[in-house]
Amino acid sequence: MAKLKVKNVTFNYASVPILKDVCIELDKSEMLGVVGPNGAGKSTLLRCIDRILSPQEGCILLDGEDIKNMHLMELAKKVGYIPQSATQVFPATVFDTVLMGRRPHVGWRSSEEDLEKVLDTLQMMHIEDLAMRDINEVSGGQQQKIFIACALAQEPEILLLDEPTSNLDIKHQLEVMDIIKNIVVERGISAIMAIHDLNLAARYTDRIIMMNGGHIYAAGEPSAVLTPENINHAYGVEVEVINHNGRLYVLPIRPVRC
Amino acid sequence: MKMTSSTETIPETGKRAKIKAQYKKFIGRKITFILFCVLLIFAIAGVAATLGSFPITVAEVYTIIWDGLFQTPETTKEVVVWNLRLPRIIMAILAGAGLAIAGTMMQGILRNPLASPFTLGIASSAGFGAVIAITLGAGFITGEYLIVVNAFLFSLIPTFVIIGLTRYKRATPETMILAGIAMMYIFSALTHLINYFAEAEAVKEAYFWMVGSLGRASWDELLPVTIVLVVCTIPLMWKSWDVNVMGAGDERAKSLGVNVERTRILILIISSLLTAGIVCFTGTIGFVGLVAPHICRIIIGGDVRFLIPASGLFGAAFLLACDLIARTIMAPVILMVGIVTSLVGGPFLFFLLLRRRKEYW
């Protein structure tokens, strides 16, 4: 049975349709990429899956159970979400920020076990040296790693990532994607990732859905979805797709005038 | 699912132990600061109880307070300390603690360093309620407690308006603060309007009330204030984890299982009740609720679980110290404590901003 099923989800914001009849299935230990131009509904889809937004129509089933009927804390134990950007106004150490990921699992006091798990996560993300620094003092790339660490400390079964690489330089992009890929493989987590960079999507995801104007325009293996025709239609950009050492690369040529 | 380090990150036990030790030390520092504030309160209270026309030494004060716990005060000294000086001191402690805790929580849930009982309109609406009672003699009840009850009920108006707003529109923290500021202006304009036409005596009393003073504190008033403080602080402490999580943004908080909208409104109501329960007796003492949380964040960091007791105790010590200054600096003239809190707290905050090391401060 599929881990997650998104069934005919429709979402309107102030009666403007953002998602129209979206259906997705996600298997255990699968990494799904969501691509599409700005405003296609990628972020909205992720927010609906984590119940930050409630779709007007359709339902989302997690292990066969409708998430609408789940307690918020129960959902938080199973689904972790990393938003595109987070705003920490007041000071917080990196350690405390990652410890927040334990919120669904802990009571008022954090136990020794929680501290150990935070340490594990910090080490896995290679950010243990930042532990006692303030989160507003570290670089954007390091912040992104911290937020991923926070979601991992949550120990979810499904990880939702909204543009995890948008603030990162090319080295951090690869590092972060490698870490996510490893977790998905090693721990059997499923991941859905909204991503702009088509080359990263092609390289790291098992399957891609391409969205345009709230619909799913194309879905399938990266090589089947990332075709010049699809990209031209969804983004309005003429591209060349090249195969280099068995990997797919999308080379933009020019925007199409319509 | 079991959390294990992947093969490439073999646990470096030395490093782990070091981070853990640092974290424990960090928590130890917070607890030390809290204990330091408790000692500070005892010290300032001891000095404050010696002030007044009747000479009593600090050592005598502590003895009298200790003895008074077990027997009713008999000698003049005992009566002076217990009946005249202690109520004012305890009121300063309770009011300082309550206002600081309310400010901490409002800043936390609204993620805004400017949030305080003042900027949310609570203080000015309480002031308006009191002024109506003082100058017009009109209010919800009549008699001795007219001013107190009126101030209390009026001070809840901004909170209910803000909650009403969230029912019709998705109110963001920014909307809530702007609505609070709008109400602050409306109520202070109405207060000025009434004062403009009021008798000189009434205006003077109203003025005293709006600046805030501890001069009228008596044992009768301490009981309700204590109850309000205890009853409100317990649920706020209980929700402190959720407020921590909300500090990282609504979306992150929601994905961590916190019902953000409900928590925000619940804490707003409790903080408003706490503020109302204090200012209706003391008048609108400013600045404690804004500055105490900031000072404590600079010293012990932003974890709300520790910030509530720390800023509460620091606020208590701060207000007590300000009242001490208010009574001595121009003696025998006793200044209103509200003037001193702003005159001392303002430059103090400036000083901290100038020597800030981190981005936020």
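The paragraphs below set out a description of the structure included in this document. Not measured: the values here are computed from a predicted model.

### Points about unusual backbone geometry
A positive phi is found at A14(A), a non-glycine position, where the angle reads about 50°. Inspection of the secondary structure assignment puts A14(A) in the loop between β1 (4–13) and β2 (16–26).

### Quick notes on the sheet that holds strand β6 (residues 79–82) of chain A
Residue and element names in this part refer to chain A. Taken in spatial order, the six strands of this open sheet run β6-β7-β8-β3-β9-β10, and their pairing is mixed. Every other strand in the sheet has two partners, leaving β6 and β10 (215–220) as the edge strands with one partner each. Neighbour-to-neighbour, the strand axes of the sheet open up by a mean angle of 15°, direction not taken into account. Pairing analysis gives five bridges linking strand β9 (residues 207–212) to β10, with the strands arranged antiparallel. Looking at the pairing, I208 lines up with G220 of β10. Contacting β6 and β7 (158–162), helix α5 (residues 140–153) crosses the sheet at an angle of about 170° to β6. Its contacts with the sheet place helix α9 (residues 228–235) against β3 (31–35), β9 and β10, and it is angled at close to 35° to β9.

### Things to note about empty space enclosed by the protein
Residue and element names in this part refer to chain A. This model, assessed by the stated rule, comprises four cavities of 30 Å³ or more. Here the largest cavity defines a volume of roughly 60 Å³. Contributing to the lining of the largest cavity are C48, R51, L53, S54, P55, G58, C59, I60, D66, I67 and K68. Residues that form the lining of the largest cavity fall into these classes: six nonpolar, two polar and three charged.

### Description of the interface of chain A and chain B
Counting residues at the interface gives 58 residues for chain A and 52 residues for chain B. Both sides together, the interface formed by chain A and chain B hides about 4800 Å², and carbon and sulfur atoms give 59% of it. The interface formed by chain A and chain B holds eight salt bridges in total. The shortest N-O distance in the salt bridge between K24(B) and E112(A) comes to 3.5 Å. Our count for the chain A to chain B interface comes out at 13 residue pairs in polar contact (both at pLDDT 80 or more). Contributions of two or more residues to the side of chain A that touches chain B are made by α2 (72–78), β6, α3 (94–100), α4 (112–124), α5 and α6 (170–187) of chain A. Here the side of chain A that touches chain B is built from residues that sort into 29 nonpolar, 13 polar and 16 charged.

### Considering the packing of helix α1 (residues 13–48) of chain B against helix α13 (residues 288–300) of chain B
All names here are of chain B. Taken N-terminus to C-terminus, the directions of α1 and α13 make an angle of 140°; their axes are 10 Å apart at the nearest point. On the basis of the axis angle, α1 is oblique to α13. Only C296, I299 and I300 of α13 make contact with α1, whose side of the interface consists of F26, R29, K30 and F33. Class assignment of the residues belonging to the contact of α1 with α13 gives a composition of five nonpolar, no polar and two charged.

### Things to note about the pattern of salt bridges
Scanning the entire structure with this criterion turns up 29 salt bridges over all chains. For K20(B), the salt bridge identified is with E112(A), shortest N-O distance 2.9 Å. Of this pair, K20(B) sits in helix α1 while E112(A) sits in helix α4, on two different chains. Looking at K20(B), the relative accessible area reads 17%, which means it is buried. Note that K254(B) and E261(B) form a salt bridge whose closest N and O atoms lie 3.3 Å from each other. A network of salt bridges, in which partner residues are shared, links E112(A), E116(A), D120(A), R16(B), K20(B) and K24(B).

### Some details on the sheet that holds β2(A)
All names here are of chain A. Within the open sheet, the four strands sit side by side as β2-β1-β4-β5. Their pairing is antiparallel. The outermost strands of the open sheet, each flanked by one partner alone, are β2 and β5 (65–66). Across two bridges, the pairing between strand β4 (residues 57–62) and β5 is antiparallel. Pairing of L62 across the sheet is with E65, part of β5. Across the sheet, helix α1 (residues 42–49) lies against β1, β2 and β4, angled at about 65° from β2, the strand it touches most.

Conventions and cut-offs
- Residues numbered from 1 in each chain as written.
- Chains lettered and ligands numbered in written order.
- Predicted model: local features only at pLDDT ≥ 70, side-chain atom pairs only at ≥ 80, totals over all residues.
- Heavy atoms only, no water.
- Helix = DSSP H or I, 4+ residues; strand = E, 2+ residues; numbered from the N terminus.
- Pairing = 2+ DSSP bridges.
- Axes fitted to C-alpha atoms, helices over the stretch in contact; angles between N-to-C directions.
- Contact = heavy atoms within 4.5 Å.
- 1 Å grid on protein atoms, 1.4 Å probe; cavity = no way out; pocket = protein on both sides within 12 Å on 5 of 7 lines; lining within 4 Å.
- Points joined across faces, edges and corners; volume = space filled by probe spheres on them.
- Nonpolar A, V, L, I, M, F, W, Y, C, P; charged D, E, K, R; others polar.
- Buried area = accessible area lost by both parts, 1.4 Å probe.
- Salt bridge = Lys/Arg side-chain N within 4 Å of Asp/Glu carboxyl O.
- Polar contact = N/O pair within 3.5 Å; in protein donor to acceptor, adjacent residues only side chain to side chain.
- Parallel < 35°, antiparallel > 145°, perpendicular 65-115°, else oblique.
- Buried < 20%, exposed > 50% of the residue type's maximum accessible area, 1.4 Å probe, protein only.

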